[in-house]
Amino acid sequence: MDGATLEATTLEAMEAAVRGPVIGPQHPDYHQARKIYNAMIDRYPAAIMRCTDAGDVMAAVDFIRDQGLELAVRGGGHSGPGLCEVDGGVTIDLSPMRWVHVDPETRTALVGGGSQLGDLDHASHAFGLATPAGIMSTTGVGGLTLGGGHGHLTRKYGLTVDNLLAADVVLADGSFVTASTKEHPDLFWALRGGGGNFGIVTSFTFQLHPVHTVGLGITVWPVDRTADVLRWYREFLPQAPEDLNGFYNLLTVPPGPPFPEEIHNQKMCGVVWCWTGDLAGIDDALAGVGDAGPPAFHFTTPMPYPGVQTLFDELIPAGLQWYWRGHFFDRITDESLDVHARFAENVPTDLSTVHLYPVDAAAGRVEKDDTAWSYRDAIWSGIVGGVDPDPAKAEIIKQWAVDYHQALQPHSMGGSYVNFIGAGEGQDRVRSTYRDHYGRLAQIKATYDPENLFHANQNIEPAG
């Protein structure tokens, strides 16, 4: 077992500091508690402090800092490079803080820092409301939001951080503040895309929008049509109504509905559509899909929005081997079509994939300097992911993802959505992700976390 072992007296002191359980290596729940979404990450924290409220988080931060221990923060546990755990360190686990309070009058939601997207979707759906956030219900609200956040509703309503109104934050000195445009506005600016560098957010306040039943669409073509599909997609989507969101993906067709049996287990490329306009209008909005060539399958149906958010939960559950890397793109170049086609033909496993998520339209109209997210001129946020349940294939899927990512680098904008930075990419990648915002972020880091207590993340080093 890797990692340091804390003395029994230290664990007892931890237990006395917080109301939630403290789980050390001898605890019967330890091995289950240290598991995260990506099974390629296998770390052994010295302790996991499960915090029940902001008071617990404040006490935990004080204890870990004063003892000189390594600190990591876990929300939903979806961090691809496993930044929510450190060997021999202490994880502040926010998972007990899963709650959502919706105010239908103001169309806002107050969301606990350990909540998952499914919690937010379920609570807001009861009032016919939603906010743009991801494509999987098991993703943590905290990590997704602090990185910027995009999803099925982004072209219509912007990034997740464009809908963040306030955040309650525990700082490195153990104090508690509320950040908004009126209180600690510099911290609030940094939280909207700067990752977990500035503190631990114990609750988020989001603006909600009228969304209830949406139009789901799925269109797939044989994988040998990859270049043709992307050539069509790059022209079609940016000109489409903002009610239409569609992310491109590479897939092996799952053996089940809604797909017909004759295409089960076949390699395909396709687009998953989400339509927020009048439900009768989705077929007209997608009338042009045949221009990419006859699809192998095209399907539309009304679906409650939380149903769309859970489509991938069973297909890619927790416990798989993952390696991912991302890019921003302002265009899909002719040369990159060949790259996509070549790697699609040589995808190493059934679950390995590439996604291109639209971040234009409403997201692109926000001014670049309004938030820490620095790529308002991007059209797509792309991710290449090697995925498989078998640990023996870990190196194969990683190499495919790295090679694919590197082949796309000359056709990218130079940076990545911070939540898509893969393990081992280095500090230069973090800097390129924030562009000329990095200096301002480093100054804010120096104000709120001068000793870099919160460094188990895609780290922004304090200025000076």
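This section reports on the structure supplied with the text. Please read these numbers as outputs of a predicted model, since none were measured by experiment.

1. Notes on the pairing of strand S12 (residues 213-222)
Most of S12 is tucked away: eight of the ten residues are buried. Alignment of S12 against strand S15 (residues 297-304), held across eight bridges, turns out to be antiparallel. Opposite Thr 219, over in S15, you have His 298 as the bridge partner. Sheet topology note: the S12/strand S14 (residues 267-275) ladder contains eight bridges and is antiparallel. Of the residues in S14, the one forming a bridge with Gly 215 is Trp 275.

2. Some words on the environment of Gly 364
With respect to the secondary-structure elements, Gly 364 resides in the loop between strand S17 (353-358) and strand S18 (380-388). What makes Gly 364 partly exposed here is its relative accessible area of 31%. Expressed as a C-alpha distance, the spacing of Gly 364 and Ile 383, which sit 19 residues apart in the sequence, is 19 Å. Setting aside residues no more than four positions away along its own chain, Gly 364 makes contact with Val 359 and Arg 376.

3. With respect to the pattern of salt bridges
If you walk through the whole model with that rule in mind, you get 20 salt bridges. The residue Asp 53 makes a salt bridge to Arg 19 at a minimum N-O spacing of 3.7 Å. Taken together, the residues Asp 53 in the loop between strand S2 (47-50) and helix H3 (54-66) and Arg 19 in the loop between helix H1 (8-17) and strand S1 (22-23) connect sequence positions 34 residues apart. A residue is classified by how much of its surface remains accessible, and Arg 19, at 70% relative accessible area, is exposed. Note that Asp 162 and Arg 376 form a salt bridge whose closest N and O atoms lie 2.7 Å from each other. Highlighted residues: Asp 162 in the loop between helix H6 (154-157) and strand S8 (164-170) and Arg 376 in the loop between S17 and S18, separated in sequence by 214 residues.

4. Observations regarding the layout of surface pockets
A probe matching the size of a water molecule, rolled over the atoms, marks out where space remains unfilled. By volume, the second largest pocket amounts to about 460 Å³. Counting residues per element, the lining of the second largest pocket draws most heavily on helix H2 (residues 30-33), at three residues. Of the residues that constitute the lining of the second largest pocket, the class distribution is nine nonpolar, twelve polar and ten charged.

5. Quick notes on the environment of Arg 43
Looking at the element boundaries, Arg 43 is found in the loop between H2 and S2. Of the residues examined, Arg 43 reaches a relative accessible area of 25% and is grouped as partly exposed. A sequence separation of 67 residues divides Arg 43 from Leu 110, and the C-alpha atoms of the two residues are 32 Å apart. The residues touching Arg 43, leaving out its near neighbours within four places in the chain, are Arg 34, Pro 81, Gly 82, Leu 83, Glu 85, Val 86 and Asp 87.

6. Overview of the sheet that holds S12
Reading across the sheet, the seven strands line up as S15-S12-S14-S13-S17-S18-S16 and stay open at both edges, with antiparallel pairing between neighbours. Looking at strand neighbours, the two that pair on one side only are S15 and strand S16 (321-329), the edges of this open sheet. The sheet shows a mean angle of 15 degrees between the axes of neighbouring strands, direction not considered.

7. Observations regarding the packing of aromatic side chains
Two aromatic rings are characterised by how far apart their centres lie and by the angle between their planes. Counted under the stated rule, the structure contains 21 aromatic pairs. Pairing Tyr 37 with Trp 322 gives two aromatic rings, centres 6.0 Å apart and planes at 35 degrees, and the pair type is tilted. With Tyr 37 in the loop between H2 and S2 and Trp 322 in strand S16, this residue pair connects regions lying 285 residues apart in the sequence. Taken individually, Tyr 37 and Trp 322 each receive the classification buried, so the pair is uniform in this respect. In this arrangement the basic side chain of Arg 435 is found over the ring face of Tyr 375, its NZ or CZ atom lying 3.8 Å from the centre.

Conventions we followed
- Residues numbered from 1 in each chain as written.
- Predicted model: local features only at pLDDT ≥ 70, side-chain atom pairs only at ≥ 80, totals over all residues.
- Heavy atoms only, no water.
- Buried < 20%, exposed > 50% of the residue type's maximum accessible area, 1.4 Å probe, protein only.
- Helix = DSSP H or I, 4+ residues; strand = E, 2+ residues; numbered from the N terminus.
- Pairing = 2+ DSSP bridges.
- Contact = heavy atoms within 4.5 Å.
- Salt bridge = Lys/Arg side-chain N within 4 Å of Asp/Glu carboxyl O.
- 1 Å grid on protein atoms, 1.4 Å probe; cavity = no way out; pocket = protein on both sides within 12 Å on 5 of 7 lines; lining within 4 Å.
- Points joined across faces, edges and corners; volume = space filled by probe spheres on them.
- Nonpolar A, V, L, I, M, F, W, Y, C, P; charged D, E, K, R; others polar.
- Axes fitted to C-alpha atoms, helices over the stretch in contact; angles between N-to-C directions.
- Phe/Tyr/Trp six-rings, centres within 6.5 Å; stacked < 30°, edge-to-face > 60°.
- Lys NZ or Arg CZ within 6 Å of the ring centre and 35° of its normal.

Distances and angles like these do not, on their own, reveal function.
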